[in-house]
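Fold and geometry: a report
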Amino acid sequence: MRLLWLLAIVGLSVYGAEVVKVGDKFKDSGKCKACHSHIVKQWEDSWHAKSHYDNDEYLQKSIDYVARKNNRKSLNTVKIECAACHNPRISVTSTSAEYEAIAALNLDKDTAATKALKSDGISEGINCVVCHNIDQIHDELPDSKRGIHRVTWMPSGTMTGPYGDAKSPYHKVEPRDFMDNNPNQLCFVCHANDKSEEGHRFMDMQAEFKSGGKQCVDCHMGPRKQGVAATLRNVNGQAHKRLIREHGFEGGHVESMWQGALAVDVRKSAKGLEVILTNPQPHALPSGFGSREILIEAQYISGGKITKTQTASLTSRYVDKRGKPTIPHLAAKTVENSSVPAQGSKTVVLPIESGTTQVMIVVSYRLVNDEVRGIIDLKDPIWSKKMVIKKLNVKL
Ligand code: HEC
Ligand code: HEC
Ligand code: HEC
Ligand code: HEC
Ligand code: HEC
């Protein structure tokens, strides 16, 4: 019995990400277009499709900043660490001390690691053959093993999906429960927790998730609707009608998703003007990645004129080992976390200016707070854009 335990433990500790090469016929989404063009088009607009150093400014500048601040790790080593979830079809999953020595001398051009990072097999980020090529998800592993380190792959050319009776002339198919009844298991491969270079866990989405009726896919892929999975026609000239979902994975980057995401109530009390944010969603908001922000802006009006404006921010802030503000991936600790908890609420009290007859309140969301935007110098307007959740006009 003891020997069995020992074997099990040894088995777990030597389990490392095993790379399975994806054949050219399946490597990129362009190969799926002939029969799944509607799905490819939706996915192309998603942020899963942008998850690559070259395609997401925030990811790129975070990676650069981590490498600059950590002189024991080369830029490529940091890229490979992040690839575990951002580019899980990468063919090299870790680097050695030897590699660091070669990279420091700029002699790493012909190494497997450098070639793997340049490969077009990862340039599409989280593409079709990330989700649909997973064979097993190893929930028996410690909960910090994520992305590439938590899955084993199907042989190239076998697609896992929701249907038990699908047939395709282009690829093999196999049904999986995480594509059908238990899709949260798939999302939690990556959207579960992440830690900084200092070992600080700065996001913990799986732990804070209040599983109730709805699954991630119900809201982020929409409900199952009548449609076709493949446009290929059968011998009767017809495509097979199916229940399908959208592949847009709309989330924090999409303004329309924010409308009404929180309920907002305003109440006058002895303390001042209470703004109560209630979150009906099963995860906190902001959630997931750090340094997102909810803004409450109030304009005080008296005599028909705006007399004063006031802003309150709900966000997470991080400090490094020396106590200086930093980005989530270099955090030694979180000094402030003011998300609205899942199915909970948060009250922010604003002072009431005397003489005010009316207050206009706008609650909005930003992808990156001022602090982190400044530290890594993000330029694209999307990071500071205020996406409106709710506007209220309160008569006092
Ligand atoms: C982040 C993971 C993920 C990615 C990336 C992804 N899919 Fe899916 N896909 C799913 C899930 C989950 C379902 C099951 C939806 C359901 O409940 O019916 C699904 C379902 C499907 C189906 C069955 C029909 C349907 O819409 O339900 C097809 C076909 C499909 N995907 C093709 C693709 C193609 C082609 C791509 C790349 C352009 C892709 N998928 C990218 C997760 C993913
Ligand atoms: C020549 C046409 C064709 C091409 C190209 C093609 N597929 Fe399919 N695929 C099909 C057909 C047909 C089905 C079955 C549809 C049905 O039964 O409703 C299917 C089904 C699927 C399913 C659902 C499987 C299940 O068991 O639920 C997935 C996932 C999928 N394809 C992914 C892909 C991906 C990823 C690519 C590109 C690498 C791709 N397909 C390329 C024709 C194609
Ligand atoms: C292989 C890892 C992985 C898996 C599996 C995965 N995701 Fe993601 N997802 C990511 C990463 C990484 C990003 C961020 C990409 C970026 O912005 O560059 C992301 C982004 C998103 C976003 C956009 C968030 C925003 O703020 O706009 C949504 C929504 C999302 N994922 C939902 C899902 C759902 C639902 C599932 C399960 C069906 C899923 N993901 C499975 C890694 C994954
Ligand atoms: C009941 C619907 C619902 C369910 C279920 C749900 N979400 Fe969300 N999620 C939302 C809404 C609404 C938002 C806020 C608007 C937006 O970003 O889309 C959001 C935001 C997000 C964001 C961006 C977070 C931020 O604060 O920047 C991510 C990432 C995300 N969800 C992932 C997931 C994952 C992973 C699951 C499953 C574990 C899940 N969601 C389940 C409704 C839902
Ligand atoms: C454990 C899996 C995992 C690892 C490892 C990981 N990430 Fe992520 N990352 C995610 C997920 C999931 C999201 C999407 C969550 C969301 O949007 O709320 C994300 C989102 C991000 C974003 C926000 C992108 C955007 O468009 O808003 C940045 C920046 C980022 N990651 C940087 C990094 C860096 C830098 C590394 C490596 C040092 C890294 N990540 C490693 C899972 C991971």
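Residues numbered from 1 in each chain as written. Chains lettered and ligands numbered in written order. Predicted model: local features only at pLDDT ≥ 70, side-chain atom pairs only at ≥ 80, totals over all residues. Heavy atoms only, no water.

Near ligand 1 you find 21 residues, and of these C128, C131, H132, R245 and H247 are the closest. Between ligand 1 and R224, the relevant distance is 2.9 Å, taken from an oxygen atom to a side-chain nitrogen or oxygen of the residue. Broken down by secondary-structure element, the contributors of at least two residues to the shell around ligand 1 are α2 (33–44) and α7 (128–131). Considering every element that reaches the shell around ligand 1, the biggest residue donor is α2, with 4 residues. (Near = heavy atom within 4 Å. Polar contact = N/O pair within 3.5 Å; in protein donor to acceptor, adjacent residues only side chain to side chain. Helix = DSSP H or I, 4+ residues; strand = E, 2+ residues; numbered from the N terminus.)

What follows covers helix α5 (residues 97–104). Within α5 the residues assigned to the buried category are Y99, E100 and A103. Buried residues of α5, seen end-on, are gathered within an arc of 100° and therefore sit on one face of the element. In α5, those exposed residues whose orientation departs by more than 90 degrees from the buried face are A97 and E98. Structurally, α5 contributes buried residues whose contacts are with α4 (75–86) and α6 (112–118). With its phi angle positive at about 60°, N106 sits one or two positions after the end of α5. (Buried < 20%, exposed > 50% of the residue type's maximum accessible area, 1.4 Å probe, protein only. Arc of directions from axis to C-beta. Contact = heavy atoms within 4.5 Å.)

Take the coordination of the iron atom of ligand 4 next. Each protein donor to the iron atom of ligand 4 is listed here as H220 (NE2) and H283 (NE2); together their distances run 2.0 Å. Note on H283: relative accessible area 14%, which makes it buried. (Donors = N, O, S within 2.8 Å, 3.2 Å for Na, K, Ca; no water.)

Let's shift gears to the sheet that holds strand β9 (residues 263–269). Spatially, the 3 strands line up as an open sheet ordered β9-β10-β15, and their pairing is antiparallel. The open sheet has two free edges, formed respectively by β9 and β15 (345–350), since each of these has just one partner strand. Each strand axis lies, on average, 20° off the axis of its neighbour in the sheet, ignoring direction. Summarising the sheet, strand β10 (residues 272–278) and β15 pair through 6 bridges and their orientation is antiparallel. If you follow E274 over to β15, its bridge partner there is V349. (Pairing = 2+ DSSP bridges. Axes fitted to C-alpha atoms, helices over the stretch in contact; angles between N-to-C directions.)

Next up on the list: the site of ligand 4. Around ligand 4, 22 residues are found, and the nearest of them are C216, C219, H220, H283 and Y365. Contact distances for ligand 4 include 2.8 Å between an oxygen atom and a backbone N or O atom of G252. Within the contact set of ligand 4, an oxygen atom lies 3.5 Å away from a side-chain nitrogen or oxygen of R292. At the level of elements, α10 (216–220) and α11 (255–258) are the ones that each hand at least two residues to the shell around ligand 4. Broken down by element, the shell around ligand 4 gets its largest block of residues, 3 residues, from α10.

With that settled, the discussion passes to the coordination of the iron atom of ligand 3. Note on metal sites: the ideal angle is 109.5 degrees for four tetrahedral donors, and 90 or 180 degrees for six octahedral donors. The coordination sphere of the iron atom of ligand 3 contains the protein donors H48 (NE2) and H191 (NE2), at a distance range of 2.0 to 2.1 Å. Metal-centred angles of 87 to 180° between the 6 donor atoms at the iron atom of ligand 3 mark the site as octahedral. Taken together, the residues span a long stretch of sequence, with H48 in the loop between α2 and α3 (57–69) and H191 in the loop between α8 (183–187) and β5 (194–195) at a distance of 143 residues. (Tetrahedral: all angles 85-135°; square planar, octahedral: opposite > 155°, others 65-115°.)

This brings us to the domain arrangement of the protein. By domain assignment, the protein separates into domain 1 (14–244) and domain 2 (255–395). Counting residues at the interface gives 23 residues for domain 1, matched by 33 residues for domain 2. Carbon and sulfur atoms supply 64% of the area buried between domain 1 and domain 2, which totals about 2400 Å² over both sides. Ranking the residues of domain 1 by area buried against domain 2 places Y58, Y65 and F202 at the top, with a combined share of 28%. (Domains from an automatic or database assignment. Buried area = accessible area lost by both parts, 1.4 Å probe.)

This part is about a nonpolar patch on the surface. A surface patch of nonpolar side chains, about 300 Å² in accessible area, is lined by I102, L105 and L107. In this structure, L105 sits in the loop between α5 and α6. (Patch = residues over 30% accessible without salt bridge, like charges linked within 9 Å, V, L, I, M, F, W, Y side chains within 5 Å. Areas by Shrake-Rupley, 256 points an atom, 1.4 Å probe, with all protein chains shown as cover. Salt bridge = Lys/Arg side-chain N within 4 Å of Asp/Glu carboxyl O.)

We now examine the layout of surface pockets. Of the voids in this model, the second largest pocket is the one considered here, and its volume is about 370 Å³. Of all the secondary structure elements, the ones that give two or more residues to the lining of the second largest pocket are α3 and β13 (325–326). A breakdown of the residues in the lining of the second largest pocket according to their chemical character gives 4 nonpolar, 3 polar and 9 charged. Mapping the lining of the second largest pocket onto the domain boundaries places at least three of its residues in each of domain 1 (14–244) and domain 2 (255–395). (1 Å grid on protein atoms, 1.4 Å probe; cavity = no way out; pocket = protein on both sides within 12 Å on 5 of 7 lines; lining within 4 Å. Points joined across faces, edges and corners; volume = space filled by probe spheres on them. Nonpolar A, V, L, I, M, F, W, Y, C, P; charged D, E, K, R; others polar.)

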